[in-house]
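A look at the structure
So the chains spell out like this:
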Amino acid sequence: MDYRKKIRLGDALVNSGVITEEQLQKGLQLQKGSGRKLGETLVDEGITTEENIVKALSDQLNLDTVDLQNTTISEEVLKLIPANVLKKYKIFPFEYAAESPNILRVAMSDPMDMEAMDDINIITNLQVEPVVSTTRSIMLALDKYYGQAEVDSALEEYTKEKESQYEEQADIYSEDVNNSPIVQLVKNMIDQAVRQRASDIHIEPMERQVRIRYRIDGALYEKANYNIRLLPAIVARIKIIGGMDISEKRKPQDGRITQVVDRHEFDIRVSILPTVYGEKVVMRLTSKNALTREKSQLGLKPADMKRFDHILKNPHGILLVTGPTGSGKSTTLYTALSELNKEDVNIITVEDPVEANIDGINQVQVNVKANLTFASALRSILRQDPDIIMIGEIRDQETASIAVQASITGHLVVSTLHTNSAASTITRLEDMGIEPYLIADSTIGVIAQRLVRRLCPSCKKARKADADDLELLNQPKDADITVYEPCGCPKCDGTGFKGRIGVYEIMEVTQPLKNIISKNGNAEDIKEKALEEGMHTLRMSATEYVLEGITSIEEMIKVSFDL
């Protein structure tokens, strides 16, 4: 039965033209012994997407598809089947069939899972009509309708049970997930954050409660509130899995957790800070493979892409990526490194901390206790015969001067700086005490970047631009332009936005620019010359996104307020 089913999914995908016969064979090869289903393997390996599989199955088996995020589900249907059964099979019943109340329509990522259908038939005594949906859509619906209820009932039990201090301690250390509600709570919190595309989880103690907020697409949203009595147990659990000192409550601490969510490994950096009401925890989530993107996914316009490629072709010099925290600098750097990561080059990085592990690149973690700082690590690296060096961040004059020396002696150096625009990056290096002629000689390019939120394509609202808008967009007063605003729908969780896209200002340091820099020109002169040579400022790039209906005027102002 099982064997026939796998063949059927593969055949369905090949017949629909979603994958080729070769890709199917590759998928089956990779799946052997991994314990994964064929569909999961094909998605994990990037051979196809969940959406394509859904379309192929619906075509081949003549089944409907459903997007659970846009479907209202009645209480009656929600009470039919226990949540643990739904989680086990990754399925979700959402309505009775129109033609008969004895038929239950069930969203399934694998509509040929007979075992699941039999189980539901036994539990509900109803016939099952499979409807195809993506695993992500089903997991999000399970989180939405059952996630919080499960956690709440577990916590209720926990507060009742907690008679003695000893029991609480035993619970937190427990590895048996089902054993302790706190263990379950922390795991669920991370799972839900990942499925909602959150980048950070904030656990904040207040006077009477613990507030949980997720940062999604750069904005914070409150997701839950718990009794303040749970805080010590939650923090203790996070300290244990993050390898921190559980008894130290007065000092800030940092740690790392690795957790697998829906078969993807996530690297979680944890920071704990004592506040007046207790310890505040922030967890930064990064998928092991999210930082290394295809260059085409960065959101570079064709002209910018050409510039980016041209800068990367330089055999030596410094490429600087600048912008505030969380503006996607690391992603751009890692993408550039992956592009340059060939067999004939030796790439070494110094980072604090190492954000993603890349095969074929030697990564060094800064360790202040062991006196391994950016500067001391760089000195050692230069004896390691590198071709390309990545420095996580240029923070002081010592690091900056070694970076400049390294680039002049024939290395390609890529690094980040915290400045507002491409031109002001040059003057920042001068402020750090680097001689202008050295900066001119070594810098090959500067990329300033920000992230803007994309408007949700399903619900964005169009309106005609008024006089103020046209002025902000630098358009003629009588121009007839449509701009879009966020609205909010189930697909974007009512936020009006879905995902983010990079806005770039790429300044290639040409000979005329080198002349201005070495003569100690200020940021204005540098910017003027760069614009003359065709550079697009952040404001100009963000304006293009507004005119294309990708983002809103408010988002544009946010990223280029002072530019």
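See the structure printed just above.
Residues numbered from 1 in each chain as written. Predicted model: local features only at pLDDT ≥ 70, side-chain atom pairs only at ≥ 80, totals over all residues. Heavy atoms only, no water.

Some remarks on the overall build of the protein
Check the secondary structure of the protein and you find 22 helices and 18 strands. Relative to its length of 563 residues, the protein is compact, with a C-alpha radius of gyration of 27 Å against a globular reference of 24 Å. With the principal axes as the frame, the protein shows a C-alpha extent of 85 × 60 × 55 Å. When burial is assessed residue by residue, the protein has 50% of its 563 residues classed as buried. Pairs at least 24 residues apart make up 62% of the contacts formed inside the protein by residues separated by at least 6 positions. As displayed, the protein has an accessible area near 27200 Å², and 48% of this comes from carbon and sulfur atoms. Here the protein contributes 68 positive and 86 negative side-chain charges, whose respective centroids are spaced 1 Å apart. (Helix = DSSP H or I, 4+ residues; strand = E, 2+ residues; numbered from the N terminus. Rg over C-alpha atoms; globule rule 2.2 N^0.38 Å. Buried < 20%, exposed > 50% of the residue type's maximum accessible area, 1.4 Å probe, protein only. Contact = heavy atoms within 4.5 Å. Areas by Shrake-Rupley, 256 points an atom, 1.4 Å probe, with all protein chains shown as cover. Lys, Arg positive; Asp, Glu negative; His and termini not counted. Charge placed at Lys NZ, Arg CZ, Asp CG, Glu CD.)

Topic: the sheet that holds strand 15 (residues 443–455)
Strand order in the open sheet formed by seven strands is 12-11-13-14-10-15-18, with mixed pairing between adjacent strands. In this open sheet, the two strands that pair with only one neighbour each are strand 12 (362–365) and strand 18 (497–508). Put simply, the sheet's adjacent strands are angled 20° from each other on average, direction ignored. Along the sheet, helix 12 (residues 302–312) contacts strand 10 (317–322), strand 14 (412–417), strand 15 and strand 18; its crossing angle with strand 18, the most-contacted strand, is approximately 55°. Contacting strand 10, strand 13 (388–391) and strand 14, helix 15 (residues 397–408) runs over the sheet at an angle of about 135° to strand 10. (Pairing = 2+ DSSP bridges. Axes fitted to C-alpha atoms, helices over the stretch in contact; angles between N-to-C directions.)

Things to note about the pairing of strand 18
Regular strands place their side chains on alternate faces of the sheet. Burial analysis of strand 18 places ten of its twelve residues in the buried class, which makes it a mostly covered element. Bridging between strand 15 and strand 18 involves ten bridges; their strand directions are antiparallel. Across the sheet, the residue bridging to glutamine 449 is tyrosine 504, located in strand 18.

Examining helix 11 (residues 231–241)
The buried fraction of helix 11 is high, at eight of eleven residues. Those residues of helix 11 not exposed but buried are Leu231, Ala233, Ile234, Val235, Ala236, Arg237, Ile238 and Lys239. Following helix 11 by one or two positions, glycine 243 adopts a phi angle in the positive range, close to 70°.

Observations regarding the sheet that holds strand 2 (residues 100–108)
In space, the three strands of this open sheet follow the order 1-2-3, with mixed pairing throughout. Each of the sheet's edge strands pairs with one partner strand only, and the pair in question is strand 1 (91–97) and strand 3 (127–132). The sheet shows a mean angle of 35° between the axes of neighbouring strands, direction not considered. The pairing of strand 2 with strand 3 spans six bridges and is classified as parallel. In the strand pairing of strand 3, alanine 107 is matched with valine 131.

So, helix 7 (residues 114–124)
Within the sequence span of helix 7, burial applies to Ala116, Met117, Ile120 and Thr124. All buried residues of helix 7 project into a common sector of 95° when viewed along the axis, lining one side. When the buried face of helix 7 is taken as reference, the exposed residues oriented beyond 90 degrees from it are Glu115 and Ile122. The inward-facing, buried residues of helix 7 abut helix 6 (83–89), strand 1, strand 2 and strand 3. Of the residues one or two after helix 7, asparagine 125 is the one with positive phi, at around 60°. (Arc of directions from axis to C-beta.)

Things to note about the side chain of aspartate 304
Its place among the elements puts aspartate 304 in helix 12. Here aspartate 304 is buried and forms no salt bridge, its nearest opposite-charge partner arginine 307 lying at an N-O distance of 4.6 Å. Beyond its immediate chain neighbours, meaning those up to four positions away, aspartate 304 contacts Tyr504 and Ile506. (Salt bridge = Lys/Arg side-chain N within 4 Å of Asp/Glu carboxyl O.)

Digging into unusual backbone geometry
Backbone torsion omega between aspartate 352 and proline 353 reads -5°, so that peptide bond is classified as cis. Despite not being glycine, asparagine 474 shows a phi value in the positive range, around 60°. Secondary-structure assignment places asparagine 474 in the loop between helix 18 (467–472) and strand 17 (482–485). Overall, the relative accessible area of 68% leaves asparagine 474 in the exposed class. In this structure, asparagine 520 is a non-glycine residue whose phi angle is positive, near 70°.

Remarks on the environment of threonine 349
Structurally, threonine 349 is set in strand 11 (residues 347–351). Between the C-alpha atom of threonine 349 and that of glutamate 45, which follows or precedes it by 304 residues, the distance is 27 Å. Ignoring any residue separated from it by four or fewer positions in sequence, one finds threonine 349 in contact with Leu337, Ile361, Asn362, Gln363, Val364, Ile381 and Met390. Of note is the side chain of threonine 349, whose polar atom sits 2.7 Å from the side chain of glutamate 351. (Polar contact = N/O pair within 3.5 Å; in protein donor to acceptor, adjacent residues only side chain to side chain.)

What to know about the pattern of salt bridges
Counted according to the given criterion, the structure contains 27 salt bridges. Measuring nitrogen to oxygen at the nearest pair gives 2.7 Å for the salt bridge that ties glutamate 129 to arginine 105. With glutamate 129 in strand 3 and arginine 105 in strand 2, this pair connects stretches of sequence that are 24 residues apart. Residue arginine 453 pairs with glutamate 555 through a salt bridge whose shortest N-O separation is 3.1 Å. Separated by 102 residues along the polypeptide, arginine 453 in strand 15 and glutamate 555 in helix 22 (residues 553–559) bring together distant segments of the chain. Taken individually, arginine 453 and glutamate 555 each receive the classification buried, so the pair is uniform in this respect.

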